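Notes for the structure review
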Amino acid sequence: MKKLFLTALFVVTFFSLSAVSASAVVNDRVKVGLWYGSNALFSANLENSLGEGFEFGWFDEDREFCSLGRTGETQISMTAAGDIYMNGGGAYSSDIPSGGYRFWGGWHVELRGFRDYQEAADAAREYGGYPAWISGEFVARIGSYQSRDEAENGMDRCGGDGVAQSSSTGIVVTVTKTDEILFEFDCGGARNLGVLPEGWQGETSTWFKGYKYAGGFEYARVTGGNINVMNVVDVEDYIKGVIPYEMNGDWPLAALEAQAVCARTFVYGNSKHTSLYGFDVCGSSDCLVYHGLGSGGAGPSARSNDAVDNTAGECLYYQGELVKDAVYHSSNGGATEDSANVFGGDPGYLKGKTDPYESQITIPNYSYSVTYSADELTWILEQKGYSIGTVRNVYISEYSPMGNVKKVTFEGSRGSTTVSGDTCRTIFYSSTYNKSVRSLRFDINGSSAGGGGGVYVSGGGQLSSLNGVSAISGRGTMETLSDGSASVISSSGITTVSGGGTVSRPSAGASNGSFTITGTGNGHNVGMSQYGARSMAEQGFDYQDILEFYYTDITIR
């Protein structure tokens, strides 16, 4: 849906232009941040791969596109207005490039008083200029001079109503790899430039940075500097651009449908970047990985698109409210975990449970083992702000009732520290050593575990002793543990649990100052296991079954 705006209408609406919606999705459209912040661009190229041009304008509070004018060019660039250099290869920059270059400055002769885009364009064309939308008025700008004096001399030659300088919030649109300016947009940060590709049979597809995207684009230069680039797209098209990058697009349909509901729930329930950047979600793993229509060779599959269409509009709800954290992970190693034990909050629907499904399929790299020296752990802890001296010991000081790691203790020459929750795995990450602990389901060999403790039984809390406890034996019969000890299967293999409830761990490796961590799974263990969803789908469960298993007491609607 588009609107055509004239200057007269702008006077009525300008007072409300700085308003930013707090909703994550408006009118079933989502704003996705593609390049922003420290990755904002001085210049951004677009290529229309379906239609024959683009429209210029902005997106209003309802995310309807308000059209100002158009171009028939299929390759255009949006560049920060001001002094611009173009090198021999057609790339734009704010700095003088090496080799030959073209330059245009930020001062212009200006003609004013035009009713619409076409009037301004016709007037500008007579002098080799271009139309512009400046603070709610159509003007024609002529020349691109380096200084006011040069612009005033130009006005003496061609006439005009005055000279003007492009501001730090202005954006110029050029034909890509040329110095031909098509349009300039500057509302002082109150409005962002919108660009809408002209499509074919109701569909749009535009190349940007190696990927094709549906919908339109928004360019924000609110406080000067470089340009934040956003994709403004229908929410269902957004979900289609997420699914194949969060889950294999060739997996069973029910698993993809469950993933689609989770992704849709996320985007409707989150607006983490709205206040700072003006968009709803980003396109990276900080939110959900999103690459639109794909890169040509990779992207959404027919099956992943069907999963989105089959679940259109459906989200997760808990006690009548939209779920805010429909989190998921690759695999859990045998059991999911309570959110309270990992992230510190208890929303009610993120409860740990034994997962019988992952073990029924082959999961790549399901088990892992990583060895750290004491020196490596000492350095890693120091880099993360823990000052306990040289690490002498590290051990799991508490397990959750689900058998996942809840607390890890490090002992050093100058003290000790205990970490909990997701930090139990993330604290081991080091890009320097290229090492990490992949899940919360692991054991540590080479440690000297702290004494005491108890035995955790899935779903039954903690037992202070195994004396008198009954268990199902390997023969399938119920037997009582007469000696108060038992062998159990853990992430590192078979270990022995003694009557006092402690787990015996091999001490080999302690002598050479190294600690080997062995575990299963990949991720934070909270919410849906993606491989578990695949396994359930392969066994004939539908996406409702999958979601209702991994998220406690939710409804889907």
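Heads up: the structure comes first, above all this text.
Structure report, in brief. Predicted, not measured: the structure shown is a model, and the values here were computed from it.

Regarding the nonpolar core
Formed by 138 residues in total, the largest nonpolar core has its most connected members in Tyr 219, Tyr 238, Val 408 and Phe 428. It is helix H5 (residues 253-269) that contributes the most residues to this core, 10 residues altogether. Those residues in contact with Val 408, other than ones at most four positions away along the chain, are Val 394, Tyr 395, Ile 396, Ser 397, Thr 417, Thr 418, Val 419, Cys 424, Phe 428, Phe 442 and Ile 444.

Thoughts on the side chain of Glu 184
Here Glu 184 shows up in strand S15 (residues 181-186). A distance of 2.9 Å separates a polar atom in the side chain of Glu 184 from a polar atom in the side chain of Tyr 130. Apart from the residues within four sequence positions on either side, Glu 184 is in contact with Ala 81, His 108, Tyr 130, Pro 131, Ala 132, Trp 133, Ile 134, Arg 141, Ser 166, Ile 171 and Val 172.

Some words on the sheet that holds strand S29 (residues 442-445)
Judged by pairing direction, the sheet is antiparallel, and its 3 strands sit side by side in the order S25-S36-S29 without closing on themselves. Since the sheet does not close on itself, it has two edges, and those belong to strand S25 (367-373) and S29, each with one partner. Geometrically, the sheet is characterised by an average inter-axis angle of 20° between neighbouring strands, direction not taken into account. Bridging between S25 and strand S36 (residues 514-520) involves 7 bridges; their strand directions are antiparallel. Across the sheet, residue Ser 367 finds its bridge partner in S36, namely Thr 520. Contacts from helix H9 (residues 374-383) reach S25 and S36 within the one sheet, and its direction differs from that of S25 by about 90°.

Considerations on the pattern of salt bridges
Under the defined criterion, the tally for this structure stands at 20 salt bridges. When the shortest N-O distance is used, the salt bridge between Arg 70 and Glu 198 registers 2.6 Å. With Arg 70 in strand S5 (residues 65-71) and Glu 198 in the loop between strand S16 (193-197) and strand S17 (206-208), this pair connects stretches of sequence that are 128 residues apart. For Arg 70, a relative accessible area of 42% puts it in the partly exposed group. We note a salt bridge from Arg 115 to Asp 116, for which the minimum N-O separation is 3.9 Å. Each of Glu 110, Arg 112, Arg 141 and Glu 184 takes part in a single network of salt bridges with overlapping partners.

Re the packing of aromatic side chains
Tallying each qualifying case throughout the model produces 25 aromatic pairs. Ring geometry for Tyr 357 against Phe 541: centres 5.6 Å apart, planes inclined by 75°, an arrangement best described as edge-to-face. Here the residue Tyr 357 occupies a position in the loop between helix H8 (339-342) and S25, and Phe 541 occupies one in the loop between helix H11 (530-538) and helix H12 (543-550), the gap between them amounting to 184 residues. Aromatic ring contacts, followed pair by pair, group Phe 208, Tyr 213, Phe 217, Tyr 238 and Tyr 290 into a single cluster. For the cation-ring pair, Lys 209 lies above Trp 35, with the distance from its terminal atom to the ring centre recorded as 4.8 Å. Note that Lys 353 overlies the ring of Phe 549, its terminal NZ or CZ placed 5.0 Å from the centroid.

About the cut-offs
- Residues numbered from 1 in each chain as written.
- Predicted model: local features only at pLDDT ≥ 70, side-chain atom pairs only at ≥ 80, totals over all residues.
- Heavy atoms only, no water.
- Core = buried A, V, L, I, M, F, W, Y, C linked by side-chain atoms within 4.5 Å.
- Buried < 20%, exposed > 50% of the residue type's maximum accessible area, 1.4 Å probe, protein only.
- Helix = DSSP H or I, 4+ residues; strand = E, 2+ residues; numbered from the N terminus.
- Contact = heavy atoms within 4.5 Å.
- Polar contact = N/O pair within 3.5 Å; in protein donor to acceptor, adjacent residues only side chain to side chain.
- Pairing = 2+ DSSP bridges.
- Axes fitted to C-alpha atoms, helices over the stretch in contact; angles between N-to-C directions.
- Salt bridge = Lys/Arg side-chain N within 4 Å of Asp/Glu carboxyl O.
- Phe/Tyr/Trp six-rings, centres within 6.5 Å; stacked < 30°, edge-to-face > 60°.
- Lys NZ or Arg CZ within 6 Å of the ring centre and 35° of its normal.

In short, shape yes, function no, at least from these values alone.
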